[in-house]
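# An overview of the molecular structure
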Amino acid sequence: MDSSTPKYRRILLKLSGEALMGRLDYGIDPDILFRLAREIQEVSRAGVQVGVVIGGGNIFRGAGLAAAGMDRVTGDHMGMLATVMNALAMQDALEKIGAYARTMSALKINEVCEDFIRRRAIRHLEKGRVTLFAAGTGNPFFTTDSAAALRAVEISAELLLKATKVDGVYDSDPKKNPDARRYERLSYEDVISQDLKVMDTAAIALCRDYDLPLRVYDMSREGDLMRIVRGEPIGTLVQGRAA
């Protein structure tokens, strides 16, 4: 296969809300937003169908206020609305650079975006539209990591990508331990048993149960998203059973 030909037909990209902050303390950094939009557009134009889930931590994190005394269900619903705001911002950025995009929400907000309907989402993807899945799973107590794994399975994605601030999964914090070792490959059981904090356990278990490959990579390295969809072994791949 030509090295420039995408290896994957359909992917789901998970971005953290904090990723959109860039150098800001809160909210969305337009430079980061448009850089990510350009990378997503490049992959989409290469013929890859792209779904996206974005967290809401740059605006609101439900678990944080729940720890401070707010009702957890209320806090989680507020966090879901924050993800809708981020998805709409990314949709706008994509459309401004000429891409086609749709936002679908697990909560009913018909005046703002479409409801999530699986068959309609797949149709958007087949038509080459970047499809942004907002409001998590629509249920409290579930993270956007779980939402990303769920949507990836629902749309039959061939790869789930988690964009982070480090270039893969390490055996300890590389910012605190200069001798930290990066894993090139892990099994789902490795991640769970070693509590490696790649994604929450529910998300990893869902990936395991449906044999969905997960690749963790550094979103700050421009061009890596395209390199990954072309098959380059960037970051850490989580797949398969423990040896």
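Values in this document were obtained by computation on a predicted structure and should not be read as measured data. Residue positions within a chain follow its written sequence, with the count starting from 1. Totals for whole chains, interfaces and linings use all residues, but because this is a predicted model, local features are given only for residues with pLDDT of at least 70 and pairs of side-chain atoms are given and counted only at 80 or more. Note that the side-chain values use all heavy atoms of the structure and ignore hydrogens as well as water.

## So, the packing of helix α1 (residues 30-45) against helix α3 (residues 72-96)
The convention used is that axes are lines fitted to C-alpha atoms, helices contributing only their stretch in contact, and that angles between N-to-C directions extend from 0 to 180 degrees. A helix here means a DSSP run of H or I that spans at least four residues, while a strand means a run of E at least two residues long, and both kinds are numbered starting from the N terminus. Interaxial distance between α1 and α3 falls to 9 Å at its minimum, and their mutual angle equals 65°. Handedness of the crossing formed by α1 with α3: right-handed. Contacts between α1 and α3 involve Leu33, Phe34, Leu36, Ala37, Ile40 and Gln41 from the first element and Ala89, Met90, Ala93, Leu94 and Lys96 from the second. Each residue gets one label: Ala, Val, Leu, Ile, Met, Phe, Trp, Tyr, Cys and Pro are nonpolar, Asp, Glu, Lys and Arg are charged, and the others, such as Gly, are polar. Partitioning the contact of α1 with α3 into residue classes produces nine nonpolar, one polar and one charged. Note on convention: near helix rotated counterclockwise from far helix by under a right angle means a left-handed crossing. Clockwise means right-handed. Whether two residues are in contact is decided by their heavy atoms, any of which lying within 4.5 Å being enough.

## Describing the packing of aromatic side chains
Two aromatic rings from Phe, Tyr or Trp, using only the six-membered ring of Trp, form a pair when their centres are within 6.5 Å; if the ring planes differ by under 30 degrees the pair is stacked, by over 60 it is edge-to-face, and anything between is tilted. One pass over the full model with this rule turns up one aromatic pair. Measuring from centroid to centroid gives 5.7 Å for Phe116 and Phe133, while their planes differ by 80°, and the two rings are edge-to-face. One end of the pair, Phe116, is in the loop between β4 (114-115) and α4 (118-126); the other, Phe133, is in strand β5 (residues 130-134), and 17 residues separate them in sequence. A single burial state applies to Phe116 and to Phe133, both of which are buried. Geometry around Phe116 places Arg151 over its ring, the cationic atom sitting 3.7 Å from the centre. Burial classes follow relative accessibility: with a 1.4 Å probe on protein chains only, a residue under 20% of its type's maximum area counts as buried, one over 50% as exposed, and anything between as partly exposed. Whether a charge sits over a ring comes down to the Lys NZ or Arg CZ being within 6 Å of the ring centre and within 35 degrees of the ring normal.

## Brief notes about the nonpolar core
Residues Ile11, Ile40, Met90 and Leu94 are the most contacted members of the largest nonpolar core, which totals 41 residues. Elements supplying a minimum of two residues to this core: β1 (10-15), α1, β2 (49-54), α3, β5, β6 (159-164) and α8 (224-229). Here this core takes seven residues from α3, the largest share from any one element. Residues contacting Met90, with those up to four places away along its chain left out, are Leu15, Leu20, Leu33, Leu36, Ala37, Ile40, Ile54 and Leu132. Throughout, nonpolar core names a set of buried Ala, Val, Leu, Ile, Met, Phe, Trp, Tyr and Cys residues whose side chains join them through atoms within 4.5 Å. Judged by nonpolar contacts, the second largest core, of 29 residues, contains Ala148, Ile155, Tyr183 and Ala203.

## Here's the deal with the side chain of Asp115
For Asp115, the position within the fold is in strand β4. Its relative accessible area of 16% is what places Asp115 among the buried residues. Side-chain atoms alone can form a polar contact between residues adjacent in sequence; in general such a contact is a pair of N or O atoms within 3.5 Å, and within protein one must be able to donate a hydrogen while the other accepts it. At 3.4 Å, the side chain of Asp115 and the side chain of Lys108 are in polar contact. Residue contacts for Asp115: discarding those within four places in its chain leaves Met104, Ser105, Leu107, Lys108, Ile109 and Asn110.

## Quick word on unusual backbone geometry
For Ser156, which is not a glycine, the phi torsion comes out positive at approximately 60°. Residue position: Ser156 is located in the loop between α5 (144-154) and β6. Look at Ser156 and you get partly exposed, because its relative accessible area is 41%. With a phi close to 60°, Lys197 is a non-glycine residue in the positive phi region. Take Lys197: it is sitting in the loop between α6 (188-193) and α7 (201-209). Among the residues examined, Lys197 registers a relative accessible area of 64% and is labelled exposed.

## Observations regarding α5
With eight of eleven residues buried, α5 is to be regarded as a mostly interior element. Every buried residue of α5 is listed here: Thr144, Asp145, Ser146, Ala147, Ala148, Ala149, Arg151 and Ala152. Considering only its buried residues, α5 is in contact with β1, β2, α3, β5, β6 and α7. Structurally, the start of α5 carries an N-cap: the backbone nitrogen of Asp145 is 3.2 Å from a side-chain oxygen of Thr143. A positive phi of about 60° marks Ser156, the residue just after α5.

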